[in-house]
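# Coordinate analysis (summary)
Take a look at the letters that make up each chain.
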Amino acid sequence: MKRTALLLSLVLALAVSAGCSTLDAKQREWIFQPSNRSWGGTGVTEGMQDVWIDFASRATDKAERLHGLWMPAERADAPVLLYLHGARWNVAGSSPRIRRMHALGFSVLAIDYRGFGQSSAGLPSEAMAAEDARAAWDWLAERHPQAPRYLFGHSLGGAIAIDLAREVKDEKGVMVEGTFTSIAEVLSTFKWGWLPVSALITQRFESVRKVSEIGSPLLVVHGSKDSLIAPALGRKLYEAAQEPKRFVLVEGGSHHNTNDVGMDLYREALVSLFRLSPPGYEGDPAPIVGLNAERPAPAPTTP
């Protein structure tokens, strides 16, 4: 989702000149930007296990396969986290966030949607990504039926996590970071946001409508310096959700480093909202007063 808003002005012309089918495909390419690209060089997934998830897709009417990375916690009774990444980079590109969530005490499963990395080829869609997330959730439930299971989504992955959370009934909590209310509202924040393109959007990701249907605690985290997804959209998403919930604005956090800069706030929220005890947290286990409000984060440590 890093293309400039100028691309959106072309969408309107595409709708007229190329028809709805092409318009839908272009939106899927722009929103997901599927690829096998990663960052961080070799060894970024050291200590993580490759896993393969096979399932029958209703969207494509054929057998599909997802590639994932599994990083188990040392404790056998650790909570389990399904990590859903954002656009553009494959799952290995999320390895720093995977490691941070693992450091908070979770066993982590992170997957690539179809069209990314080593998962089945194809152009992702909102419906396909929802299927992929559900297949990964079912994989976790089958292999770790007694473990408390949580969802985490970054950016576009936050919208996918919210959609999954309203469909399942066995999640213990949901965490989303740098995510949004809907694709239409994201577009409205761009330079050319005044263009009347909302009716043409096929991949809508309307999280603001779905979030109230989540039946577990919700943590919404956003960086104050996020220049891609406006913090106001994270706040609006939070306001549409039911209690129990928390909103954490990480001062100085960007779309890419909020998870790092805000780690102490994550630890606090795990205690106060989810009643978990992450390694390294020495604070009061009682609910933290004021966590719904913006709180300053410690100085950045690593990129």
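Look up a bit, the structure's there.
The following refers to the structure shown. (Residues numbered from 1 in each chain as written. Predicted model: local features only at pLDDT ≥ 70, side-chain atom pairs only at ≥ 80, totals over all residues. Heavy atoms only, no water.)

### Quick notes on the sheet that holds strand E7 (residues 218-223)
Pairing in this open sheet of 8 strands is mixed, and the strands run E1-E2-E4-E3-E5-E6-E7-E8 from one edge to the other. Each edge of the sheet is formed by a strand with only one pairing partner; in this case those strands are strand E1 (49-57) and strand E8 (245-250). In this sheet, adjacent strand axes meet at a mean angle of 20° when their direction is disregarded. In this structure, strand E3 (residues 80-84) lies alongside strand E5 (residues 149-154), joined through 5 bridges in parallel fashion. (Pairing = 2+ DSSP bridges. Helix = DSSP H or I, 4+ residues; strand = E, 2+ residues; numbered from the N terminus. Axes fitted to C-alpha atoms, helices over the stretch in contact; angles between N-to-C directions.)

### A short note on the layout of surface pockets
As a volume, the largest pocket reaches approximately 320 Å³. Taken together, 18 residues form the lining of the largest pocket, with Ala130, Glu131, Arg134, Ala135 and Asp138 sitting closest to its centre. Only E1, helix H4 (126-143) and helix H5 (156-167) provide two or more residues apiece to the lining of the largest pocket. The biggest single contributor to the lining of the largest pocket is H4, with 8 residues. Across the lining of the largest pocket, the residue classes break down as 10 nonpolar, no polar and 8 charged. (1 Å grid on protein atoms, 1.4 Å probe; cavity = no way out; pocket = protein on both sides within 12 Å on 5 of 7 lines; lining within 4 Å. Points joined across faces, edges and corners; volume = space filled by probe spheres on them. Nonpolar A, V, L, I, M, F, W, Y, C, P; charged D, E, K, R; others polar.)

### Comments concerning the packing of aromatic side chains
On inspection of all chains with the given rule, the structure shows 8 aromatic pairs. Ring centres 5.5 Å apart and planes at 80° place the aromatic pair Tyr150 and Phe274 in the edge-to-face group. Placement of the pair is Tyr150 in strand E5 and Phe274 in the segment after helix H10 (263-272), with a sequence separation of 124 residues. When its relative accessible area of 4% is taken as the criterion, Tyr150 is described as buried. By relative accessible area, which is 7% here, Phe274 ends up buried. With 6.4 Å between their ring centres and 45° between their planes, Phe152 and Tyr266 make a pair best called tilted. With a gap of 114 residues between them, Phe152 in strand E5 and Tyr266 in helix H10 connect regions that are remote in the sequence. Looking at Phe152, the relative accessible area reads 0%, which means it is buried. (Phe/Tyr/Trp six-rings, centres within 6.5 Å; stacked < 30°, edge-to-face > 60°. Buried < 20%, exposed > 50% of the residue type's maximum accessible area, 1.4 Å probe, protein only.)

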